[in-house]
Number of protein chains: 2
Amino acid sequence: MLSEFDLIKQYFQRQRPGRAVLGIGDDCALLAPSPGMQLAISCDMLVEGRHFFAGADPRMLGHKSLAVNLSDLAAMGATPRAFTLALSLPSADRDWLEGFSSGLFALADAHDCELVGGDTTKGPLNICITIFGEVAPGHALRRDAAKAGDDIWISGTLGDARLALAGYRSELALDADSLSAAALRMHAPSPRVALGMALSEHATVHAAIDISDGLVGDLGHILSASKVGATLDADALPAGAVLARQPLDLRRRFCAAGGDDYELCFTAPASAREAVMAAATRAATPVTRVGTIDAEPGLRLADASGAPLALSLAGFDHFSGD
Amino acid sequence: MLSEFDLIKQYFQRQRPGRAVLGIGDDCALLAPSPGMQLAISCDMLVEGRHFFAGADPRMLGHKSLAVNLSDLAAMGATPRAFTLALSLPSADRDWLEGFSSGLFALADAHDCELVGGDTTKGPLNICITIFGEVAPGHALRRDAAKAGDDIWISGTLGDARLALAGYRSELALDADSLSAAALRMHAPSPRVALGMALSEHATVHAAIDISDGLVGDLGHILSASKVGATLDADALPAGAVLARQPLDLRRRFCAAGGDDYELCFTAPASAREAVMAAATRAATPVTRVGTIDAEPGLRLADASGAPLALSLAGFDHFSGD
């Protein structure tokens, strides 16, 4: 029988020395913030059947649970420091814990982000991570700072995670190789931490957000916070490798409103194009210009020729519909 | 239909100005830590059916969810600053949200602790709060610093929450007035934040912990972290007002291993008795001396005459038994 304390000790309390003043095992963890830096804090809760399938691979789940939080730090341009993990588990299953913790720590180590505390309890599977990063005052990439005339940029590629979901749901037929390639984007997203840090340090980026609920919905948050509008070139949107082989209409729709992409969408003045490209090179992360911020409110989609496009799109809302 | 964004805006995003550099509504919240202070971080997850009954009063639940986290800050001697809230809800029920958020914010305001971010999703009811406080370097009250010869102190009273649980479970008969008085201790604990801060600032306290899983179990964490033992005077333990009217054996057992008390247990040298009493007076919180830290490992219980007592006691473990 694995007790709560054994579970924490065996799977989550590590022997390697951490940077925290005091890590797991007291009422609180203690961190010493770097002098003069601001603390960026984000929190995501993942629920079985909603954010991942029942029976999802625990290693990938450990990766993804932290990845979605790292992606929020990336969208602020913050440097990861530490996180807490609260886990509600139906049972203390050793194989699951082994897989989950190894996926989690592999990504945590890659970003030098330390697990400093948390909670474990019995209940329906639920994973809640709160993450802490640091950013220099005035350097955070906020949602409310887009300006008319800004370029709109996207990191990496879009839509493959949504394509995998469509495959799982049999909304369309995908061969096994395509499905497993697309599924990697769904299960093991790469948070754009290096790009966020490079943009915050070296480029005049105005606004940024991470794309978790679909580009149109998430860019919409920038537009409403910044009180501006935008025109997107639907055919400039960088489709994922698998999605790129699909028909045009599907490509446009899944790029524009796919969800689960965990890419960055950011805006910067045209004068910053070289600096943006240099930051992208430094972070080894491709970026693509996909549109323009307008003074006129609303989000407009156009094709490569500039002709208006009407796509049926909606962002994801946890309390609407299902 | 209440959308996720409306839900956050209506119930959790407040108009009053906060101290955070950037609060709810971006990828991350931004906090400016006070120069030179350490950050104390704790995280608790509350699951329906495990930490509270299905159908629990939402206002009390809002209070309790934050109270258990504030209690962890209290046990470190930290000053509350901010918290994040992740909520998984079966549905967006307006009455529930109204009650929960009002209970939560009433306690948050009393401790000047700001909600800076979080997450909401659909799923089995689950409440996860991560809290941040500040403490001066070297002033945190840790678990691993108890010394042989220390007095053991307890704040407030013990056992009424456990008594209420026994009443709900019909383990014993309680009249309605007694049950409702005891139940207040279970549903609306008072985190000992003021005492923790006063002890950390003004008294030579060695070790501290908050009593959430029962005194014997939680004191046990201090003993193992500090590599010492202890002798408790079972008859010195301060019973709650309702428990005090129960038979001696029940009083002893529920004081020693009740659970859900959210009092502080701390150790300090005998030379600090006056300073401890002064800190308690400053914090308007009663404290009682209940035993002594020993060099000899193990936890011994004695009655008022010093004769050894054998009680059948166990701390609470989420993964043992049920």
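Residues numbered from 1 in each chain as written. Chains lettered and ligands numbered in written order. Predicted model: local features only at pLDDT ≥ 70, side-chain atom pairs only at ≥ 80, totals over all residues. Heavy atoms only, no water.

Here's the deal with the overall build of chain A
Going by this rule: Helix and strand assignments come from DSSP, with helices taken as H or I runs of at least 4 residues and strands as E runs of at least 2, each series counted from the N terminus. In this description the radius of gyration comes from C-alpha coordinates, and the expected globular size is given by 2.2 Å times residues to the power 0.38. Partly exposed residues are those whose accessible area sits between 20% and 50% of the maximum for their type, while under 20% is buried and over 50% is exposed, using a 1.4 Å probe and protein chains only. In this analysis, two residues are considered to be in contact whenever any of their non-hydrogen atoms come within 4.5 Å of each other. None of His or the chain ends enter the tally, which takes Lys and Arg as positive and Asp and Glu as negative. Here the site of a charge means atom NZ of a Lys, CZ of an Arg, CG of an Asp or CD of a Glu.
Scanning chain A from N- to C-terminus turns up nine helices and 12 strands. Here chain A has a C-alpha radius of gyration of 20 Å; the compact-globule value for 322 residues is 20 Å, and the two agree. On the principal axes, the C-alpha backbone points of chain A span a range of 65 × 50 × 35 Å. Counting every position in chain A, which comprises 322 residues, the buried fraction comes to 57%. Contacts in chain A between residues far apart in sequence, at least 24 positions, make up 85% of those at least 6 positions apart. If the 26 positive side-chain charges of chain A are averaged to one point and the 39 negative ones to another, these points end up 2 Å apart.

Re the environment of A:Tyr262
Residues and elements named next belong to chain A. Keep this limit in mind: Side-chain atoms alone can form a polar contact between residues adjacent in sequence; in general such a contact is a pair of N or O atoms within 3.5 Å, and within protein one must be able to donate a hydrogen while the other accepts it.
Relative to the assigned elements, Tyr 262 resides in the loop between α8 (248-257) and β9 (263-268). Taking the C-alpha atoms as reference points, Tyr 262 and Ala 161, separated by 101 residues in sequence, lie 9.6 Å from one another. With residues near it in sequence (within four places) discarded, Tyr 262 still touches Lys 64, Val 68, Ser 71, Pro 189, Ser 190, Arg 192, Asp 210, Ile 211 and Ser 212. Separated by 3.3 Å, the side chains of Tyr 262 and Asp 260 make a polar contact.

So, the nonpolar core
Put simply, the rule is: Among buried residues, the Ala, Val, Leu, Ile, Met, Phe, Trp, Tyr and Cys ones that are joined through side-chain atoms within 4.5 Å form a nonpolar core.
The biggest cluster of nonpolar side chains holds 59 residues, and the ones touching the most others in it are B:Phe12 and B:Phe266. Counting residues per element, this core draws most heavily on helix α2 (residues 58-76) of chain B, which supplies nine residues. Each residue touching B:Phe12, except ones within four places of it in the same chain, is listed here: B:Leu7, B:Ile24, B:Leu85, B:Leu87, B:Leu97, B:Phe100, B:Ser101, B:Leu104, B:Phe105 and B:Leu115. By size, the runner-up hydrophobic cluster in this structure holds 58 residues, among which are A:Leu85, A:Phe105, A:Ala203 and A:Ala268.

Considerations on the sheet that holds strand β11 (residues 298-302) of chain A
Residues and elements named next belong to chain A. Rules: Criterion used throughout: strands pair if DSSP finds at least two bridges between them.
Read across the open sheet, the seven strands follow the order β7-β9-β6-β10-β8-β11-β12; overall the sheet is mixed. Looking at the sheet topology across the chains shown, the edges are occupied by β7 (207-211) and β12 (308-309). Bridging between strand β6 (residues 151-155) and strand β10 (residues 287-294) involves five bridges; their strand directions are antiparallel. The residue bridging Trp 153 from the neighbouring strand is Arg 289, located in β10.

Here's the deal with the UniProt feature "domain: PurM-like N-terminal" (unreviewed entry) in chain A
Just so we agree on the cut-off: UniProt positions are given in the numbering used here, feature names are shortened, and annotations may be inferred rather than shown by experiment.
Mapped onto the present numbering, the UniProt feature "domain: PurM-like N-terminal" (unreviewed entry) falls at residues 25-135 of chain A. Between the C-alpha atoms that bound residues 25-135 of chain A the distance is 28 Å, and the span itself is 32% helix and 39% strand.

Points about the relation of the copies chain A and chain B
Defined as follows: We place the copies in one frame by least squares, fitting the C-alpha atoms of every residue whose pLDDT is at least 70 in both.
Mapping chain A onto chain B is achieved by rotating through 180° and translating by 0.0 Å along the same axis, at an RMSD of 0.0 Å. When the rotation and shift are considered jointly, the pair of chain copies conforms to a two-fold rotation axis. A high fraction, 98%, of the interface residues of chain A reappear at the interface in chain B, so the copies pair face to face through one surface.

Comments concerning the sheet that holds strand β9 (residues 263-268) of chain B
Residue and element names in this part refer to chain B. Heads up, the rule is: Simply put, an axis is a line fit to the C-alpha atoms, just over the touching stretch for a helix, and the angle between two N-to-C directions goes from 0 to 180 degrees.
One open sheet holds the seven strands; their spatial order is β7-β9-β6-β10-β8-β11-β12, and the pairing between them is mixed. Lying at the two open borders of the sheet, with one neighbouring strand each, are β7 (207-211) and β12 (308-309). By the bridge criterion, four bridges tie strand β8 (residues 229-233) to strand β10 (residues 287-294) in an arrangement that is antiparallel. Its bridge partner being in β10, Gly 229 is matched across the sheet by Asp 294. Relative to the sheet, α2 contacts β7 and β9, its axis offset from that of β7 by approximately 165°.

Overview of the pattern of salt bridges
In plain terms, the rule: Whenever Lys or Arg places a side-chain nitrogen within 4 Å of a carboxyl oxygen from Asp or Glu, that contact is recorded as a salt bridge.
Counting across every chain of the model gives 28 salt bridges over all chains. One network of salt bridges, in which partners are shared, links A:Asp26, A:Asp27 and B:Arg143.

Focus on the pairing of β9(B)
Residue and element names in this part refer to chain B. For β9, a buried count of six out of six residues is recorded, marking the element as mostly surrounded by other parts of the structure. Of the two faces of β9, the one carrying Glu 263, Cys 265 and Thr 267 and the one carrying Leu 264, Phe 266 and Ala 268 are both buried. Where strand β6 (residues 151-155) meets β9, four bridges bridge the pair, whose relative direction is antiparallel. Bridge pairing in β9 places Ile 154 opposite Cys 265. As paired elements, β7 and β9 share five bridges and run antiparallel to each other. From the neighbouring strand, Ile 209 faces β9, where its bridge partner is Cys 265.

Let's talk about the UniProt feature "binding site: substrate" (unreviewed entry) in chain A
All names here are of chain A. UniProt records the feature "binding site: substrate" (unreviewed entry) for His 51, Asp 260 and Phe 316 in the present numbering. Here Asp 260 lies in the loop between α8 and β9. Once residues within four sequence positions are removed from consideration, Asp 260 is found in contact with Lys 64, Ala 161, Arg 185, Met 186, Ile 211 and Ser 212.

A closer look at the domain arrangement of chain A
Residue and element names in this part refer to chain A. How we decide: The split of the chain into domains comes from an automatic or database domain assignment.
As far as domains go, chain A holds domain 1 (4-135) and domain 2 (151-309). When each unit is reduced to the centre of its C-alpha atoms, the spacing between domain 1 and domain 2 is 26 Å. Listed as interface residues are 18 residues of domain 1 and, on the opposing side, 19 residues of domain 2. If you look at where domain 1 meets domain 2, you find one salt bridge.

Looking at the packing of helix α6 (residues 193-202) of chain A against helix α9 (residues 273-282) of chain A
Residue and element names in this part refer to chain A. Inclusion rule: What sets the label is the angle itself: under 35 degrees gives roughly parallel, over 145 gives roughly antiparallel, 65 to 115 gives roughly perpendicular, and the rest give oblique. For any pair of crossing helices, the crossing counts as left-handed if the nearer helix is rotated counterclockwise from the farther one by less than a right angle, and right-handed if it is rotated clockwise. Under the grouping applied here, Gly and all other residues not named as nonpolar or charged are polar, the nonpolar ones being Ala, Val, Leu, Ile, Met, Phe, Trp, Tyr, Cys and Pro and the charged ones Asp, Glu, Lys and Arg.
Closest axis-to-axis distance for the α6/α9 pair is 8 Å, and the angle between their directions is 140°. It follows from the interaxial angle that α6 and α9 lie oblique. For the pair α6 and α9, the sense of crossing is right-handed. Of the residues in α9, those in contact with Leu 195, Ala 198, Leu 199 and His 202 of α6 are Ala 275, Val 276, Ala 279, Ala 280 and Arg 282. Class assignment of the residues belonging to the contact of α6 with α9 gives a composition of seven nonpolar, one polar and one charged.

Some words on the pairing of strand β5 (residues 126-135) of chain A
All names here are of chain A. β5 sits mainly inside the fold: 10 of its 10 residues count as buried. Because side chains alternate across β5, one face comprises the buried residues Asn 126, Cys 128, Thr 130, Phe 132 and Glu 134, and the other comprises Ile 127, Ile 129, Ile 131, Gly 133 and Val 135, equally buried. Pairing between strand β2 (residues 38-47) and β5: 10 bridges, direction antiparallel. Residue pairing for β5: Val 47 is matched across the bridge by Asn 126. Where strand β3 (residues 79-89) meets β5, nine bridges bridge the pair, whose relative direction is antiparallel. Among the inter-strand pairings, Thr 79 is bridged to a residue of β5, identified as Glu 134.

So, helix α7 (residues 215-226) of chain B
Residues and elements named next belong to chain B. Condition: Multiplying one less than the number of residues by 1.5 Å gives the expected span of a helix.
Under the 1.5 Å per step criterion, the end-to-end length of α7 is 16 Å for 12 residues, consistent within 8% with the ideal 16 Å. Of the positions making up α7, those classed as buried are Leu 215, Val 216, Asp 218, Leu 219, His 221, Ile 222, Leu 223 and Ser 226. Positive backbone phi, approximately 55°, marks Lys 227, located one or two places after α7.

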